[in-house]
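Chain residues, written in single-letter form:
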Amino acid sequence: MKKNYGWIYFAFAAVIFIASSCKKAFEDKPLELLTIDYIFDENDPTGDQAYKWVTNIYGKIPSGYNRMLGGSSWGLNGGVKTNLSLVPLECFSDDAVPSADGNEAWNIIRGGYSPVTTFDDNWGNCYSAIRAANIFLNNYQRVPWADSSRKVWLPNEARALRAYFYYELIKRYGGVPLIGNKVFDSDDKELLNLKRNSFEECVNYIVSELDIAKDSLRPDASLAGRTTDADFGKMRKSIVMAIKAKVLLLAASPLFNPSPTPGRTYTGYASYSAERWKAAADAAKAVMDLGIYDLEPNRYTLMLQRANKEHIFFRMSDPRIDNAYSYYMSPPGYKPANRNSEGRVSPTQEFVDAFPMKNGKTITDPSSGYDQSNPYAGRDPRLEQTVFYNGAKWLQRPVETFEGGKDKPNNATLAPVQTQTGYYAKKFCANDSSSANYTTTFYRDGGFIPPWCIIRYADIILMYAEAQNEYSGPDASVYAAVEKIRQRAGLSPNTLAPGLSQTQMREAVRNERRIELAFEEQRFWDIRRWKIAKAVYGTALHGVTITKNTDGTFNYAPRVVTTPFFTDAMYLFPIAVKETQVNRGIEQNPGY
């Protein structure tokens, strides 16, 4: 069998690329040694190349927005791009489906992935980033750093990044091999028999590495300082603390912290511990207590300003997006600047129904004021900010998703792709309801592209509420956390009903996460770590068929869009066969 060391060679390829583009010439030593010598130059006190090496590791962080295939021309693991039609990860949750009828995306929804044909496979990407971090940690002291702060910050930055990539691995696969500071050669026999560490060992290692790094990084910038800080977004103490909270919340969650059942195969810990919830709550609270983040009063600020009160950890845009994001998401009847909008994403009726009324009551509450014949009136303002629904104003006209409307003409010539559900996704578009054209505040290749935020302060607040509720029940601090989010959202009143049980508060927190963090790659992972994906995603998902009456009113009829395929095995991802066949010690996840 041909050996595949893809995840080992990835970083090495980057070394060769950098070496081939530099002007230094060495003829008397092997190429690998020469390239390492160039990066970690013993005669360069600036250490600029070593600095760039660490910066480049950030580029391996999985990006958001439209990063998963959505059409029929993008292979599951990459390939030749002939028809770019990418969709967000939420299209593989109960929040949305792809608008296009392309086969690969719908194959994923129907369970069409395996160790041979993987889905969101980040095994190789993460280990290449870990290897790059290890190369730096093994070589940075060769540089005669004139700037002593770089000598302190950069190794801890690499250490924190390495821990983050292990987090990206364990939330997909469970326990993975921990390789410490090793940099394997292609002929290293140990590489052929790597064993998976337990999930618990991985969590302990990640947390330990984050704790070591946190106090030796660039100081956190003030809000005013963030706007002029070229390194804003790189590892700081607050970012590391936020990542730690994420890791501990994952470790406390039911997928990895279950009640013991005889004969069950465990993906995480062998027995339940409430103390894991306390550790997660304490970690989130520690970020809150820093006092350097807050909620932005206007949620659109998050889409328009990279440096704001709320963003903690982010990366700039999806590198595969090369034009205006609003064109990708807006309903296809809109054609500003004579360019067609694409309406790639169709939110589900289940997602739309999760938004309460503006008075904070659920639409199922008889006293909420919900009107089935006018279903979007008086709703939580976040619905209008997140979803294009029939009648919503956009670019100076109402959205028309009724049958035969401008945004659902049922005509392939007018709209080759159109909504599957009666809705389109609006999240991350600017507030252009009264504009003639799409806002272009952020530019990348001429288009409006917001920064991709991985962790923001609203997430931290809801993480605290979830973990604290699971540990001690709905105490005053849990109420305060959830109500802070609801107040910013514009609910009036924003208060929750008094006397909620732990179960009722759990549902309230989970719903707030769903609607507040919509399309931010939270729901996809949340329903898995909560172990509810089989119940909410392995069942029918719905949309709405809207017909317009002669008097201008509308009829709304629910309809089934799809029933995704989901099994217990799918709570974790399959490890690609190229890894398990070459590295015989790596055990495949159960069910694959």
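Values in this document were obtained by computation on a predicted structure and should not be read as measured data.

Q: Explanation requested: the overall build of the protein in the structure shown.
A: Looking only at helices and strands, the protein has 20 helices and 10 strands in total. Within the protein, counting contacts between residues at least 6 apart in sequence, those at least 24 apart form 70% of the total. Summed over all atoms, the accessible surface of the protein reaches about 23,200 Å², with 50% contributed by carbon and sulfur.

Q: How should I be thinking about the environment of Phe314 in this particular structure?
A: Its location among the elements puts Phe314 in strand 2 (residues 311-315). Residues Phe314 and Lys234 lie 80 residues apart in sequence; the distance between their C-alpha atoms is 8.5 Å.

Q: Looking at this model, I keep getting lost on the packing of helix 3 (residues 48-57) against helix 5 (residues 123-139). Mind explaining?
A: The relative placement of two packed helices comes down to the angle between their axes together with the axis-to-axis distance. Two elements in contact, helix 3 and helix 5, have axes separated by 10 Å at closest approach and are oriented at 160°. Taken as axis vectors, helix 3 and helix 5 run roughly antiparallel relative to one another. Considering the relative orientation of helix 3 and helix 5, their crossing is left-handed. Contacts from Ala50, Trp53, Val54 and Ile57 of helix 3 reach helix 5 at Ala129, Ala132, Ala133, Ile135 and Phe136. The residue makeup of the contact of helix 3 with helix 5, split by class, is 9 nonpolar, no polar and no charged.

Q: What exactly am I supposed to notice about the confidence of the model for the protein here?
A: Fine structural detail should not be taken from predicted coordinates in areas where pLDDT scores are low. Mean pLDDT over the protein stands at 88; residues scoring 70 or higher make up 87%. Low pLDDT, under 50, characterises residues 71-84; the predicted model gives this stretch 26 contacts beyond four residues in sequence or across chains. Across residues 441-448, where pLDDT falls below 50, the model places 30 contacts with residues more than four positions away in sequence or in other chains.

Q: Hey, could you run me through the pairing of strand 9 (residues 541-548) in this one?
A: As a general feature of sheets, a regular strand has side chains that alternate between the two faces. The pairing of strand 9 with strand 10 (residues 554-562) spans 8 bridges and is classified as antiparallel. If you follow Leu541 over to strand 10, its bridge partner there is Thr562. Count of turn residues in the strand 9/strand 10 antiparallel hairpin: 5 residues, of which Gly552 carries a positive phi of about 90°.

Q: Looking at this structure, how should I read the pattern of salt bridges?
A: When the charged atoms of two side chains with opposite charge come close together, those side chains can pair. One pass over the full model with this rule turns up 44 salt bridges. Of the charged contacts in the structure, one is a salt bridge between Arg172 and Asp120, with a shortest N-O distance of 3.0 Å. Here Arg172 is found in helix 6 (residues 148-173), whereas its partner Asp120 is found in the loop between helix 4 (103-109) and helix 5, with 52 residues between them in sequence. The class for Arg172 is buried, based on a relative accessible area of 1%. Overall, the relative accessible area of 5% leaves Asp120 in the buried class. Residues Glu209 and Arg162 are paired through a salt bridge, measuring 2.6 Å at the closest nitrogen-oxygen approach. In this pair, Glu209 is assigned in helix 7 (residues 199-213) and Arg162 in helix 6, connecting sequence segments 47 residues apart. A residue is classified by how much of its surface remains accessible, and Glu209, at 6% relative accessible area, is buried.

Q: Explain the packing of aromatic side chains to me, please; I cannot follow it from the model alone.
A: Each aromatic ring pair is described using two quantities: the centre-to-centre distance and the angle formed by the ring planes. Per the stated rule, a full pass over the model turns up 35 aromatic pairs. Look at Phe119 and Phe573: their rings are 5.5 Å apart centre to centre, the planes differ by 50°, and that puts the pair in the tilted class. Taken as a pair, Phe119 in the loop between helix 4 and helix 5 and Phe573 in the loop between strand 10 and helix 20 (577-582) lie far apart in primary sequence, 454 residues in all. By the burial criterion, Phe119 is buried, and Phe573 matches it. Taking the centre distance of 6.2 Å and the plane angle of 70° together, the rings of Phe524 and Phe573 count as edge-to-face. Taken together, the positions of Phe524 in helix 18 (residues 523-529) and Phe573 in the loop between strand 10 and helix 20 put the pair 49 residues apart, joining distant regions of the chain. Considered together, Phe524 and Phe573 belong to a single accessibility category, that of buried residues. These aromatic residues form a ring-pair network of at least three members: Phe92, Tyr113, Phe119, Trp123, Tyr127, Tyr166, Tyr173, Tyr205, Phe524, Trp525 and Phe573. Above the plane of the ring of Tyr269 lies Arg276, whose end atom (NZ or CZ) is 3.4 Å from the centre. Note that Arg339 overlies the ring of Tyr327, its terminal NZ or CZ placed 4.3 Å from the centroid.

Q: In this structure, what is going on with helix 15 (residues 457-472)? I would like to understand it.
A: Since there are 3.6 residues in each turn of an α-helix, residues three or four apart along the chain are aligned in direction. Look at helix 15: 22 Å from first C-alpha to last across 16 residues, which is about the 22 Å you get at 1.5 Å a residue. Summarising burial for helix 15: 14 of the 16 residues are buried, a large majority. Gly473 sits one or two positions beyond helix 15 and adopts a positive phi of about 90°.

Q: Any chance you could explain the layout of surface pockets here in plain terms?
A: Rolling a probe over the atoms, with the probe sized like a water molecule, indicates the empty space that remains. Of the voids in this model, the second largest pocket is the one considered here, and its volume is about 450 Å³. Taken together, 19 residues form the lining of the second largest pocket, with Gly360, Thr362, Arg486, Leu496 and Ala508 sitting closest to its centre. Considered class by class, the residues forming the lining of the second largest pocket number 9 nonpolar, 6 polar and 4 charged.

Q: I tried to follow the nonpolar core on my own but got confused; where do I start?
A: In globular proteins that are soluble, nonpolar side chains generally tend to be buried together. Core analysis: the largest hydrophobic core is formed by 165 residues, its most contacted members being Phe92, Phe136, Met235 and Ile460. Beyond its immediate stretch of four places on either side in the chain, Met235 contacts Tyr58, Glu157, Ala160, Leu161, Tyr164, Leu217, Arg218, Val240, Ile243 and Phe313.

Q: Got a minute to help me understand empty space enclosed by the protein in this structure?
A: Enumeration according to the criterion identifies 6 cavities of 30 Å³ or more in this entry. In terms of lining, the largest cavity is formed by 25 residues, of which the most central are Tyr167, Lys171, Lys246, Glu521 and Trp525. Listed by contribution, the elements that provide at least two residues to the lining of the largest cavity are helix 6, helix 9 (237-252), strand 8 (452-456) and helix 18. The biggest single contributor to the lining of the largest cavity is helix 6, with 5 residues. When grouped by side-chain class, the residues that make up the lining of the largest cavity number 12 nonpolar, 2 polar and 11 charged. In this structure, the second largest cavity spans a volume of roughly 90 Å³. Leu302, His311, Phe428, Cys453 and Glu520 are the residues nearest the centre of the second largest cavity, which is lined by 11 residues in total. By residue number, the principal contributor to the lining of the second largest cavity is strand 8, which donates 3 residues. Each residue belonging to the lining of the second largest cavity can be placed in one class, and the counts come to 7 nonpolar, 1 polar and 3 charged.

Q: How do you make sense of the packing of helix 16 (residues 476-489) against helix 17 (residues 502-516) when you look at a structure like this?
A: Look at helix 16 against helix 17: their axes get within 11 Å of each other, and the N-to-C directions meet at 30°. Of the possible angle classes, the one that applies to helix 16 and helix 17 is roughly parallel. In this structure, helix 16 meets helix 17 at a crossing whose hand is left-handed. The residues of helix 17 that touch helix 16, namely those facing Val478, Tyr479, Val482, Ile485, Arg486 and Arg488, are Met505, Val509, Glu512 and Glu516. Residues belonging to the contact of helix 16 with helix 17 are distributed by class as follows: 6 nonpolar, no polar and 4 charged.

Definitions and cut-offs
- Residues numbered from 1 in each chain as written.
- Predicted model: local features only at pLDDT ≥ 70, side-chain atom pairs only at ≥ 80, totals over all residues.
- Heavy atoms only, no water.
- Helix = DSSP H or I, 4+ residues; strand = E, 2+ residues; numbered from the N terminus.
- Contact = heavy atoms within 4.5 Å.
- Areas by Shrake-Rupley, 256 points an atom, 1.4 Å probe, with all protein chains shown as cover.
- Axes fitted to C-alpha atoms, helices over the stretch in contact; angles between N-to-C directions.
- Parallel < 35°, antiparallel > 145°, perpendicular 65-115°, else oblique.
- Left-handed = near helix turned anticlockwise from the far one by under 90°.
- Nonpolar A, V, L, I, M, F, W, Y, C, P; charged D, E, K, R; others polar.
- pLDDT = per-residue confidence, 0-100.
- Pairing = 2+ DSSP bridges.
- Salt bridge = Lys/Arg side-chain N within 4 Å of Asp/Glu carboxyl O.
- Buried < 20%, exposed > 50% of the residue type's maximum accessible area, 1.4 Å probe, protein only.
- Phe/Tyr/Trp six-rings, centres within 6.5 Å; stacked < 30°, edge-to-face > 60°.
- Lys NZ or Arg CZ within 6 Å of the ring centre and 35° of its normal.
- Expected span 1.5 Å × (residues − 1).
- 1 Å grid on protein atoms, 1.4 Å probe; cavity = no way out; pocket = protein on both sides within 12 Å on 5 of 7 lines; lining within 4 Å.
- Points joined across faces, edges and corners; volume = space filled by probe spheres on them.
- Core = buried A, V, L, I, M, F, W, Y, C linked by side-chain atoms within 4.5 Å.

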